[in-house]
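Close look at the chain arrangement
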Amino acid sequence: ETRQDTDTAQRFLEKQITEYESRLTEAENRLKDFRIKNVGLMPSEGQSYYARLQTASADLETVKLELNQAESRRNSLLQQIGGEEPTFGIGPQPGIAGPAGPAGDPSLPIDARIQSLEQKLDELLLKYTERHPDVGILKQTIDDLRKQREEELAQYRASMAANAAVSAASNNASLGFGPAGVDANPVYQQLKVALAQEEANVASLQARLTEYEKRYKELQDQVNTIPQVEAALTALNRDYDINRKKYDELVARRESARLSQQAEQTNQDIRFRIIDPPRVPLEPSGPNRPLLISGVLLGGLGAGGALAFLLAQIWPTFDSRRSLLHATQIPVFGSVSAVLSPAAARRQRWMLLSYLALGCGLLVFYGGLLVVETIGFKLPL
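Note that the structure is predicted; figures quoted are calculated from it, not measured. (Residues numbered from 1 in each chain as written. Predicted model: local features only at pLDDT ≥ 70, side-chain atom pairs only at ≥ 80, totals over all residues. Heavy atoms only, no water.)

1. Considering the overall build of the protein
Across its full length, the protein holds nine helices and zero strands. Its helices and strands taken in sequence order, the protein reads α-α-α-α-α-α-α-α-α from the N to the C terminus. Taken across its 381 residues, the protein has 24% of its residues classed as buried. Counted over contacts in the protein with a minimum sequence separation of 6, partners at least 24 positions apart contribute 80%. Of the roughly 27,400 Å² that the protein leaves accessible, carbon and sulfur atoms contribute 57%. (Helix = DSSP H or I, 4+ residues; strand = E, 2+ residues; numbered from the N terminus. Buried < 20%, exposed > 50% of the residue type's maximum accessible area, 1.4 Å probe, protein only. Contact = heavy atoms within 4.5 Å. Areas by Shrake-Rupley, 256 points an atom, 1.4 Å probe, with all protein chains shown as cover.)

Structure, rendered in structure tokens:
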């Protein structure tokens, strides 16, 4: 019956272990899928994530500050340009440099802006690729300025055709008086170049601001999802820990039951046989009774003698005049002998006889014990 109960318990444990092993595998798979799905948002990665969020926030604030400064410089340049005239008024067309431009076209003030932006574009291409936001914005700005140049050039040509009949204007044009010559205002042109640079800088900063705002918003959205991820991860870890604990307990119980069963089988195979049974000894191993009896006698006599000597030292007596003289160093003139009454004499004799009788009885008892031990008669101690 015990063997049957053990087998039943073993089967039950095996069934439970198989079930919890399946649960544990499912919990591990759920935890693995969750970690893969939420990579970058796990609590263990929270520190680096918040560091990136802080860096993005700092970059965003820096770009905003730079953009405000660039816009302030641009507005200041616009105000300065508004107070300057593009020409001194001695040429045929205000704002037009003259007929000596590149490829047969007159040189216009906008050409300086285009040239400055092209130089800046070359510098950016040395650092970034053509897909960089700053490069794209700068190219778009250059294209817009070129379209504007075409419009100004068309206006210039129309103005030149209208003034072709005027000889003074023709003479001035032949002498090179125009916006590109002595008629052009250099302060105005410098301000226009600086304005073009600031506009390109503002456009670049606006593109950077848009990109940084996008990144910061994405990081903020991830911050809002982190508590949900942590709660879900805690629940998954709790389920996994429960299943793991139950599984370990069942495995330990199975091993314990297996060891108990093996121990029972081993005990059934063991047979004990008594080879030499224990025996009671015939002679005691100790103590040595004659020696013990003699020691007791001598100890008693020694104790009595020591007690008498101690009493004599505490209450000393003098039995002769010589001992008294020796002890006190005082001359003794005489002594009085003790005279006992008949009753006192009888009492003293009885005491002496009693002492002798007890002493003899003690010796007789001692001798009897030695005889008994010698002949082998056992007396209980």
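2. Considering the packing of helix 7 (residues 289-314) against helix 9 (residues 342-375)
Close contact between helix 7 and helix 9 brings their axes to 9 Å; oriented N to C, the two are set at 170°. The orientation of helix 7 with respect to helix 9, classified from their angle, is roughly antiparallel. Residues R289, P290, I293, S294, L297 and L301 of helix 7 lie in contact with helix 9, whose contacting residues are L362, Y366, L369, L370 and E373. A breakdown of the residues in the contact of helix 7 with helix 9 according to their chemical character gives eight nonpolar, one polar and two charged. (Axes fitted to C-alpha atoms, helices over the stretch in contact; angles between N-to-C directions. Parallel < 35°, antiparallel > 145°, perpendicular 65-115°, else oblique. Nonpolar A, V, L, I, M, F, W, Y, C, P; charged D, E, K, R; others polar.)

3. Details of the nonpolar core
Within the largest apolar cluster, 10 residues are counted, these being I110, I114, L117, L121, L124, V135, L138, I142, L145 and A200. Secondary-structure elements contributing two or more residues to this core are helix 3 (109-127) and helix 4 (133-162). Per-element tally for this core: the top contributor is helix 3, with five residues. Among all residues touching I110, those that are not within four sequence positions of it are L145, Q148, R149 and E152. (Core = buried A, V, L, I, M, F, W, Y, C linked by side-chain atoms within 4.5 Å.)

4. Observations concerning the pattern of salt bridges
One pass over the full model with this rule turns up 11 salt bridges. In this structure, E66 engages R208 in a salt bridge whose closest nitrogen and oxygen atoms are separated by 3.8 Å. Highlighted residues: E66 in helix 2 (residues 46-82) and R208 in helix 6 (residues 186-268), separated in sequence by 142 residues. For R208, a relative accessible area of 29% translates into the label partly exposed. A single network of salt bridges, built from pairs that share partners, joins E14, R254, E255 and R258. (Salt bridge = Lys/Arg side-chain N within 4 Å of Asp/Glu carboxyl O.)

5. Description of unusual backbone geometry
If you check the backbone angles, Q329 has positive phi at about 60° while not being a glycine. Residue position: Q329 is located in the loop between helix 8 (321-328) and helix 9. Overall, Q329 belongs to the exposed group, its relative accessible area being 62%.

6. Observations regarding a nonpolar patch on the surface
A surface patch of nonpolar side chains, about 540 Å² in accessible area, is lined by L307, L310, L311, I314 and W315. Of note, W315 is situated in the loop between helix 7 and helix 8. According to the relative accessible area criterion, W315 is exposed, its value standing at 61%. (Patch = residues over 30% accessible without salt bridge, like charges linked within 9 Å, V, L, I, M, F, W, Y side chains within 5 Å.)

7. A closer look at the confidence of the model for the protein
The predicted model of the protein averages 76 in pLDDT, with 74% of residues at 70 or higher. Low pLDDT, under 50, characterises residues 92-104; the stretch is placed with 42 contacts to residues that sit more than four places away or in other chains. Contacts for the low-pLDDT stretch residues 165-182, under 50 throughout, to residues beyond four places or in other chains number 30 contacts. (pLDDT = per-residue confidence, 0-100.)

8. Topic: helix 7
Between its first and last C-alpha atoms helix 7 spans 37 Å; for 26 residues at 1.5 Å apiece the expected length is 38 Å, and the two agree. Considered for burial, the residues of helix 7 that qualify are I293, S294 and L297. Elements in contact with the buried residues of helix 7: helix 9. (Expected span 1.5 Å × (residues − 1).)

9. Regarding the packing of aromatic side chains
Scanning the model with the defined rule gives zero aromatic pairs in all. Against the face of Y20 rests R23, its NZ or CZ located 4.8 Å from the ring centre. (Phe/Tyr/Trp six-rings, centres within 6.5 Å; stacked < 30°, edge-to-face > 60°. Lys NZ or Arg CZ within 6 Å of the ring centre and 35° of its normal.)

10. Looking at the side chain of E198
Within the fold, E198 resides in helix 6. Contact partners of E198, with chain neighbours within four places excluded, come to A70, R73, R74 and L77.

11. Quick notes on the side chain of K192
You can see K192 is positioned in helix 6. On the accessibility criterion, K192 (18% relative accessible area) is buried. Discounting residues that sit within four places of it in the chain, K192 has contacts with I81 and R113.

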